[in-house]
Amino acid sequence: MKASIGGYARAESVPHALSLLGEADGVGRILAGGQSLIAALNLGVSAGDMLVDITGIETLRGATLDGDRLVIGALTRHGDIARDPLIAEHAPLLAAAAPLIAHDAIRNRGTIGGSLAHADPAAEYPACVLALDATLVLEGPAGRREVAAEDFFLGLFETARADEEILTAILIPCARPGDRHVIREAARRAGDYALAGLAVVRREGRHRIGAFGLDDRPVLCAGAMAKWDAGDVDGMIAALAKDIDPPSDTQASASYRRHLAGVLLRRIAAELGEAQ
Amino acid sequence: MTIRFEDPNRPNSYIGRTVPRPNAGKLVAGRGRYVDDIVLPRMVHVAFVRSPHPHARIGAIETGAALAEKGVLKVFTGKDLAEICTPWEGKLAHLQGMKTPPQHPLAVERACWVGEPVVAVVGRTRAEAEAGAALVEIDFEPLPAVTDIRTALDKGTPVLHEALGDNLCFRKSNEAGEVDRVFAEAPRVVEATFKTARHTGVTLEPRVIITDWNGADGQLTAHVSNQAPHMLQVLLAGHLDIPESRVHVICGDVGGSFGLKVHVYPDEVATAAIAKIMGRPVKFASDRVEAFTSDIHARDHEATGRIALDENGMILGFDVDDWTGIGPYSIYPRTSAVEGLQVTNLIGGPYAFDHYRCRTSVVFQNKGICAQYRAVGHPVAVAITEGLVDKAAAEMGIDPIEIRRRNLIADDDYPKTTAAGLKLEGLSHHKSLDSLIEAMDYEGLRAEQKDLREKGVHRGIGIASFIELTNPSPFMYGIGGARISAQDGCTVRMDPDGSVVALTGVTEQGQGTEAIMAQIVAEAVGVSPDLVRVVTGDTRVTPFGGGTWASRGAGIGGEAALQAGRAVRQQALEVAAAMLQAKAGDLDVRDGIIVDARSGEERLTLAEVGRIVYFRGDTLPKGLPRELMQTRHFITSDYPYAFTNGVQASYVEVDTDTGFVKLLKHWCVEDCGRIINPLLVDEQIRGGIVQGIGAALFEEVCYDASGQMLNGTMADYLVPMSAEMPDMVIRHVETPTAESALGAKGAGEAGTAGAPAAIMNAINDAIRPLGGTVTHMPFTPERILRALGTITD
């Protein structure tokens, strides 16, 4: 099927992009790498969109340190996240997550901001930013605002970003000595969306668990986190099953995904030294 | 004259060697010419409105809005095309009792599966045609759908085609010996049910066709991605009322076919019919989404099988009840009954036993049409056979290798006719098994498996012996009245510079046909393979032939090429003898040079022969034959099919917590007779194994109970990918067929035939100690955990 779009414009700066989005009168779509959007257009899922291509805005690319926070530009590509020493040092969870995303061709084009704003419930980054307790930066006609990752994901492909806003950066508290970051997923084939996946951050005996592929949105698994903090591994597995509400599809049933999530979490706990 | 194949130092010894593929450079450089690369003057594009319903009556069709869309030129309904194109029925006369209704290029009264073409919209571009198609309004009245195989013939199930009376397309039982008595008295009877998942071919290049009607000379030209150009020529001519001689089919480079491109598709015939109406070139290129719903599917089988054995583990008989759902129409012209028919012939194929019964029931349903796809029926029959043999071995405490040793037909017991009625010329099951055991270090692997099991690691070893039908005679299709050629031909021509052109009726779709033809002709004539140019896929140019299917290219087309090449060589020698005042029998051609056969002394180049014949024929004796262009055709006649054999082994590790299977290694020992190009054969086997791995672990076209397809994209339909593929060790035993001088049998399907069974047996070997077995493909992680009882809801 041939993609059908209403128009295309290449933004030179964030203000330029915002003005293009404003002119699009509600049908603007931000093109930030195109690894989900173009596929959707080619499937005819969406038609008539005014594409605002922000991939040329160099200021949104790359990672920097701002005090004890790591700032990752929204247009930083998955391949760069996997290779950037700054990210490996301060947000090893993301460095570990990036190679799990699809294949090289996609990792060389897809961007972290695009992935977060798309909010696929089976994608790695959304669960990671939940586990990392990250903050997302949105810029819009009314200025700049920050939204905690926990408040950002509202439902299936639904986020707190307004249509006229652009996700420009991700702010992540830098990892401290002793922190542990682990991501595990199970996919039928390397590069597929996972049947189930978990991103875990341990800091000073406290745990944050982000789940992906296990609900209609990325989930911060509060029940399991509390049990883990209390040292109750079996209770943690039982609580996880209640934290999530997995989908059933041609790949696997909800029951299987729920079971798989428990296996993954138990393996992560073992990796982090919990007695089984 | 015979070729001393056993002597690797013989002159011009290209047969049996790995030589570079003549077409590889072109394809790698991006200079191939696929149908999609062709742009013709005045060419327009067609897009199809396909049925969103599994089954629906077609009411009013509103095309006004589509016609008003910018760039839309014409809109055609089923009734429009029925006026110039006759319908077809995929039936063969020798398949008694077979039923199938007439099928039109566009559905006329009812749409019978999701994806069936209903309306064709022609535009200046594909995008404009699609935009028009989106505006066509069809008044569908949904009808009850038939989807389940086993209940398709039940009284309460709606009848899909009223005129046929029931949903049975075809039923056949193949029976020998005393099955009921033997199963009643046998010391051991083991039973199991099996399912092989419906899957599809997923060729890298989808189906594409450009048809052009030239009214001035009354000729239809079709550029098409297809593997049987002459068959398509004959059928397009018949249904569009054009003389066969006025239909020209050209198949240039083809990006994979696997049997998928050997059938008649309604959208392709519609494209030809539209070209005839509009009098201009019309192009249809299937996109990936419509490929999933409109390409043929295959392998949708459910079976219950029993094996009877004596107390020593000797097989007494097989009794199998196979059911398959083939969609709403039998495929044209090969029929959709052949897959089930193959199952009734192939069960128990490698083994010696006397009592046999296998029935297949081929039923209609409102899903995509199922048809011949690589290794037709074999993966199903091999899975049932080898699943039962392994289950029996496990229950009787016999090692899987040992039970096969006891039961495989002895290597010196040929020719043999099996209980199922197959005539076997010569196979090498035991030699192949010996080679496999050595290649995989069977005992060592068993020891490793045992050690690891004590550590909680669950590995399994699976074995699958198999036979494979290749080199078919007219017994497959011709005797049923189908104009599908089982013979094939090759014309070899020597040009003035001593180079050679070979025109062959078999086709190339990526597997290397052109490479082996170049090798065979090079050896036959006595020139280097790089001096041979091969032409395939053009009905105006090549000898009339069947194309490439059923692993017939090397065995049938190759023999024709060998004979034609030898004839050219003989003719060149006769001319040279006249020039040299020598006897042709004392001369030989080696590397393009006429030599004294005994001493090897160089006498004359082939180029010099060419110069004399083509430019100075006056210097040759009057009446001396000088046709440096010879055609030979070949057909098998002693056996209906040349069966090959082989054995595969799979080594897997099952994660019993997640149900995930890791493929650790795969082995295949295969006997395809004379090997022409070892590397190409190895890669054919590997590619086939990959498709078999797809069947075992990944591929399944999923429909819901109402007949809607659930996973028609590359994201949801899982094809096997390189990251999951194990290392594969390929070995060969060579038992040439005596039907031909070349001795080659087919090699294209053996990998696919045996791999699913080997993997199934390996998984079961791993999980059987935990109390689980799986027989329902693909073996998804969830199905494995359900077999283990880990998940029960």
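Residue positions within a chain follow its written sequence, with the count starting from 1. To read the labels, note that chains go from A and ligands from 1, taken in the order they are written. Thresholds applied to this predicted model are a pLDDT of at least 70 for local features of residues and 80 or more for the giving and counting of side-chain atom pairs; totals over whole chains, interfaces and linings are not thresholded and use all residues.

**Things to note about the overall build of chain B**
Using the following cut-off: A run of H or I in DSSP counts as a helix once it spans at least four residues, and a run of E counts as a strand once it spans at least two, with each numbered from the N terminus. Taken over C-alpha atoms, the radius of gyration is set against a globule rule of 2.2 Å times the number of residues to the power 0.38. Throughout, a pair of residues is in contact if the C-beta atoms placed from their backbones lie within 7 Å.
Counting its secondary structure elements, chain B contains 19 helices and 30 strands. By the compact-globule yardstick of 28 Å for 793 residues, chain B fits well, its C-alpha radius of gyration being 28 Å. Overall, the C-alpha framework of chain B stretches about 90 × 75 × 45 Å when taken along its three principal axes. A separation of at least 24 residues holds for 80% of the contacts in chain B among residues at least 6 apart in sequence.

**A few points about the nonpolar core**
Note the following rule: Note on definitions: a nonpolar core is a set of buried residues drawn from Ala, Val, Leu, Ile, Met, Phe, Trp, Tyr and Cys, linked by C-beta atoms within 7 Å. Buried, partly exposed and exposed are defined by the number of other C-beta atoms within 10 Å of a residue's own C-beta, namely 20 or more, between the two limits, and 12 or fewer respectively, with C-beta atoms placed from the backbone.
If you look at the biggest cluster of nonpolar residues, it comprises 330 residues, and the most contacted ones within it are Ile54 and Cys128 of chain A together with Val121, Val521 and Ile763 of chain B. Setting aside residues no more than four positions away along its own chain, Cys128 of chain A makes contact with Leu93, Leu94, Ala97, Ile183, Ala199 and Gly210 of chain A.

**Considerations on the domain arrangement of chain A**
As a measure of interface size, the accessible area lost when the parts come together is often cited. Residue and element names in this part refer to chain A. As a reminder, the rule being used: Start and end points for every domain follow an automatic or database-based domain assignment.
Taken domain by domain, chain A consists of domain 1 (5–53), domain 2 (61–173) and domain 3 (180–271). One C-alpha centre belongs to domain 2, the other to domain 3, and the line joining them spans 20 Å. At the interface, 23 residues of domain 2 touch 21 residues of domain 3. Among the elements of the structure, helix H5 (92–97), helix H8 (124–131) and strand S8 (153–155) are those that each provide at least two residues to the side of domain 2 that touches domain 3.

**Let's talk about the interface of chain A and chain B**
Of the residues lining the interface, 15 residues belong to chain A; the matching set on chain B comes to 22 residues. A total of 5 residues in the side of chain A that touches chain B trace back to one element, the largest contributor, which is helix H12 (residues 254–271) of chain A.

**Remarks on the confidence of the model for chain B**
Under the convention used in this document: Summary of the metric used: pLDDT quantifies the predictor's per-residue confidence within the range 0 to 100.
Looking at chain B as a whole, the pLDDT averages 97, with 100% of positions reaching at least 70. In the predicted assembly, ipTM is 0.97 and pTM is 0.97.

**Observations regarding the domain arrangement of chain B**
Residue and element names in this part refer to chain B. Test applied: Under this grouping Gly is polar, as are all residues other than the nonpolar Ala, Val, Leu, Ile, Met, Phe, Trp, Tyr, Cys and Pro and the charged Asp, Glu, Lys and Arg.
The domain architecture assigned to chain B consists of domain 1 (24–32 + 487–634), domain 2 (35–143 + 204–257 + 260–294) and domain 3 (375–469 + 638–787). The straight-line distance from the C-alpha centre of domain 1 to that of domain 2 is 39 Å. Looking at side-chain class alone, the side of domain 1 that touches domain 2 contains 3 nonpolar, 11 polar and 3 charged residues.

**Points about helix H11 (residues 233–243) of chain A**
All names here are of chain A. What counts here: The directions from the helix axis to the C-beta atoms form the arc being described.
Among the residues making up H11, those that are buried are Met236, Ala239 and Leu240. End-on view of H11: buried residues confined to an arc of 110 degrees, all on one side of the axis. For H11, the exposed residues lying more than 90 degrees away from the buried face are Asp234 and Lys242.

**Details of the sheet that holds strand S6 (residues 137–142) of chain B**
Residue and element names in this part refer to chain B. The line we're drawing: Only when DSSP finds a minimum of two bridges between them are two strands counted as paired.
Sheet architecture is open: 3 strands sit in the order S4-S2-S6, paired in antiparallel fashion. The open sheet has two edge strands with one neighbour each: strand S4 (110–111) and S6. Of the pairings in the sheet, the one linking strand S2 (residues 56–62) to S6 comprises 5 bridges and is antiparallel in character. Paired with Ile61 across the strands is Ile138, a residue of S6.

**Side note on the sheet that holds strand S3 (residues 72–77) of chain B**
Residue and element names in this part refer to chain B. Here is the rule we go by: Only the stretch in contact is used when fitting a helix axis, every axis being a line fitted to C-alpha atoms; angles between N-to-C directions are given from 0 to 180 degrees.
Judged by pairing direction, the sheet is mixed, and its 7 strands sit side by side in the order S3-S5-S1-S13-S10-S11-S12 without closing on themselves. Each end of this open sheet is capped by a strand with a single partner; those strands are S3 and strand S12 (247–250). Looking at each pair of strands side by side, their axes are set apart by 20 degrees on average, direction ignored. Alignment of strand S10 (residues 208–214) against strand S13 (residues 282–285), held across 4 bridges, turns out to be antiparallel. By the bridge assignment for S13, Thr211 is matched with Val282. The strands touched by helix H4 (residues 126–133) within the sheet are strand S1 (44–50), S3 and strand S5 (117–123), with S1 carrying the most contacts at an inclination of about 30 degrees. Each of strand S11 (219–224) and S12 touches helix H6 (residues 229–240); the most contacted strand, S12, lies at about 145 degrees to it.

**Some words on unusual backbone geometry**
All names here are of chain B. Residue Pro333 is reached from Tyr332 by a cis peptide bond, and omega for that bond is -5 degrees. Examined against the element boundaries, Pro333 turns out to sit in the loop between strand S16 (315–325) and helix H9 (338–346). The omega torsion across Met777 and Pro778 is -10 degrees, close enough to zero to call that bond cis. You can see Pro778 is positioned in the loop between helix H18 (750–767) and helix H19 (781–787).

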